[in-house]
Structure formats: structure tokens, C-alpha cells
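Chain and residue survey
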Amino acid sequence: MVGYDPGSKGAAPAPEDAALSGSAAGMVTRALISPLDVIKIRFQLQIERVSSRHPEGKYWGLFQASRCILAEEGLPAFWKGHVPAQLLSVCFGAVQFASFEFLTEMTHKSTAYDSQTAGVHFVCGGLAACSATVACQPLDTLRTRFAAQGEPKVYGSLRHAVSTMYRTEGALGFYRGLGPTLVAVFPYAGLQFFFYKVLKNLMGPPPKDSNVGGQSLVCGSCAGVISKTMTYPFDLIKKRLQVGGFEEARVHFGQVREYGGFVDCVSQIAREEGLRGFLKGLSPSLVKAAVSTGFTFFWYEFFLNAIQNLKGSQ
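Residues numbered from 1 in each chain as written. Predicted model: local features only at pLDDT ≥ 70, side-chain atom pairs only at ≥ 80, totals over all residues. Heavy atoms only, no water.

**So, the packing of aromatic side chains**
Enumeration according to the criterion identifies 16 aromatic pairs in this entry. Judged by centre distance (6.0 Å) and plane angle (65°), the ring pair of Phe97 and Phe193 falls under edge-to-face. Note that Phe97 is positioned in helix α3 (residues 82–110) and Phe193 in helix α6 (residues 178–203), a separation of 96 residues in sequence. Exposure class is identical for Phe97 and Phe193. Each is buried. Taken together, the ring pairs in this structure connect Phe97, Phe100, Phe193, Tyr196, Phe297 and Tyr300 into an aromatic cluster. Above the ring of Tyr188, the side-chain terminus of Lys228 is found at 4.5 Å from the ring centroid. (Phe/Tyr/Trp six-rings, centres within 6.5 Å; stacked < 30°, edge-to-face > 60°. Helix = DSSP H or I, 4+ residues; strand = E, 2+ residues; numbered from the N terminus. Buried < 20%, exposed > 50% of the residue type's maximum accessible area, 1.4 Å probe, protein only. Lys NZ or Arg CZ within 6 Å of the ring centre and 35° of its normal.)

Pasting the structure below:
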């Protein structure tokens, strides 16, 4: 159901149907995984070691961080930045899945490659995600800043954040970290679609009386964990770069650093935090990847089926 299938009995999904289904899938998934995302970002931005055995910084474990955020900032803190995050998910889901459906169909009709092979899904998935990233990077930067700030807040609202960033950092401030994001998102998304296709092929077509959605959920979750593990350091570097110029909001969380760019960020992390520094926040990130990727594919197929069934009944 994901990607152009020349053997399908029905017509290929229209671009607007794929975009709508991708948006809906992103919106539902984002609401469910926001707490994990906030904790992951806090871990990624912490300079001190994240370790329960050797606690040095403000956060040193998944449950400890959850209790700390809840006690200091209240339950709504787990949905900090939820508005820009939802806008990001809706926009990203629409562009990614519409692009993916278009690219797989174009590949099948214009080249000698079969659109249903895992390799085609890897390339098309990566390109689709890059398109979505360029379109949505400002929202991703805003989401990161809202999730990163503590109390008192630096940005009181989305409008205040946009006007302040534009005034103090210019338009390019919204695209901080775009370079490593694109470097990371192509293999990450490509591997998601690749492993999703491989796992679906291994499981084979489900029996008529089985739960098709459950198969999509399992395959998506496994694909998310594998792809996130392989590309995680790039995500951490992106987050560090996105909060550049935002150091005053991070002071009470612990040490802060200023980075001159991608290479400087990598060298500082390696020198001060070691190889483990590139894996900070990996545990909540893997949980989030399993839940978010599984639900994204599940809800995408669910909504696309619903739209096509609705059109067929008219």
C-alpha cells in the first residue's frame, strides 16, 4: 500500500489523497510521541554525561528526566513546542508521502526499475524526505527551541518566537542545522522505507482474517529502530546547531556551548564528551522511533484505505 504498485487492482492514490493521508498520520502520531521527543531533545542538548551510574548533569535517566520535568515544569511541559511540532508533522507527512508516491510511480514508468523493490524504496524514500525537510526546516527549528527552553520561557508564543528569531538572527536562523539534517534524513528515511518493504516482503501477504494494520505497525516499528540506530549522531548534531544563539535559555540546564558549524560541533563533542556524546538520548529516541515510525505507516495506510474506500462508495 506504501508506494506505487503496478499490480494493484485499484488505481494509484492521487497526490492529494497521499498528502492528506500523510498529514493525518503525522498529526495523530505527533500527539502520541511528543513526551518522548521532549525528553530526547533535553538529553541531546545536555553537555554533561547522561548516565544513571555517574550522574553529572541535570538529566541522567529516562524516568528521572520524566519526574524532573513533571515536578519542575508540570505535565504540559511534555508537549512544549507542540504547535510547531504539529505543523511540522502535518507538513512533513504531506510532502513526504505525496513525493514518495510520485517518485515510485515515475521510477516504475520512466526507468527499468520495479517500483516494488526495496532499493527503489530506499532512494525514493530518501529523496521524498529531503524534499519535506527543506519545506519544513523552519518549523523543526521552532519545535526544537520550544522543547529546549525551561522556565522562565524565552519565547511566550509561536508568533513571538518567529518575530524574535527573525529580528535577531535573520531568515537564515530558521535553517540552522539544515546541512547535517539533509545528510542524516536521506539515509534515515531511505532506510525506513527500505526495511519496511523488506520486512513486509518477509512476512508475506497477511491471511484474509488477520490484522493487516498490526503487520504494518510491527514492520514500521522495526524499521524505525534500525534506521534510527544507524543515523542517530546526525540527529544529535542537528539539535545542537539548531539552538545556536539560544544559549540564555539553556543556562540553568547545565553547561552550554557555541558551535561554529558542523565540523566544529563534531570536534567539540568528540573532544569534550567522547564517542558516547554522539549517542546521548539514544534510548528515548529508539522508543520514539519505534512508536512514531510504526504509527506513521499504520495511520498512513489506514487513512489512505479510508479515503479510497470512501471514493469507491460514491
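What follows picks up the thread again.
**Considering a nonpolar patch on the surface**
A surface patch of nonpolar side chains, amounting to about 300 Å² of accessible area, comprises Leu70, Leu75 and Trp79. By secondary structure assignment, the location of Leu75 is in the loop between α2 (62–73) and α3. (Patch = residues over 30% accessible without salt bridge, like charges linked within 9 Å, V, L, I, M, F, W, Y side chains within 5 Å. Areas by Shrake-Rupley, 256 points an atom, 1.4 Å probe, with all protein chains shown as cover. Salt bridge = Lys/Arg side-chain N within 4 Å of Asp/Glu carboxyl O.)

**Side note on the UniProt feature "repeat: Solcar" (unreviewed entry) in the protein chain**
When the UniProt feature table is mapped onto this chain, "repeat: Solcar" (unreviewed entry) is found at residues 13–106, 116–202 and 211–306. As annotated, residues 13–106 has a helix share of 72% and a strand share of 0%, and its two end C-alpha atoms lie 13 Å apart. (UniProt positions renumbered as here; feature names shortened; annotations may be inferred.)

**A look at the environment of Pro76**
Considering the arrangement of structural elements, one finds Pro76 in the loop between α2 and α3. The class of Pro76 is exposed, set by a relative accessible area of 63%. In this structure, the C-alpha to C-alpha distance between Pro76 and Pro35, residues 41 residues apart in sequence, is 9.4 Å.

**Some words on the nonpolar core**
Buried together is how nonpolar side chains tend to be arranged in soluble globular proteins. In terms of nonpolar packing, the biggest core is built from 19 residues, with Val2, Phe100, Phe193, Tyr196, Phe297 and Tyr300 touching the most fellow members. Put simply, the parts of the chain that give this core at least two residues each are α1 (15–45), α3, α4 (118–148), α6, α7 (212–242) and α9 (282–313). Residue contacts for Tyr300: discarding those within four places in its chain leaves Val2, Ala18, Ser21, Gly22, Ala25, Phe97, Glu101 and Phe295. (Core = buried A, V, L, I, M, F, W, Y, C linked by side-chain atoms within 4.5 Å. Contact = heavy atoms within 4.5 Å.)

**Considering α1**
Over its 31 residues, α1 runs only 38 Å from end to end, short of the ideal 45 Å by more than 12%, given 1.5 Å per residue. Maximal helix bending in α1 amounts to about 60°, located at Ile33; proline Pro35 follows within four positions. Across the 31 residues that make up α1, a large majority, 24, are buried. (Expected span 1.5 Å × (residues − 1). Bend = angle between axes of the 7 residues up to and from the residue.)

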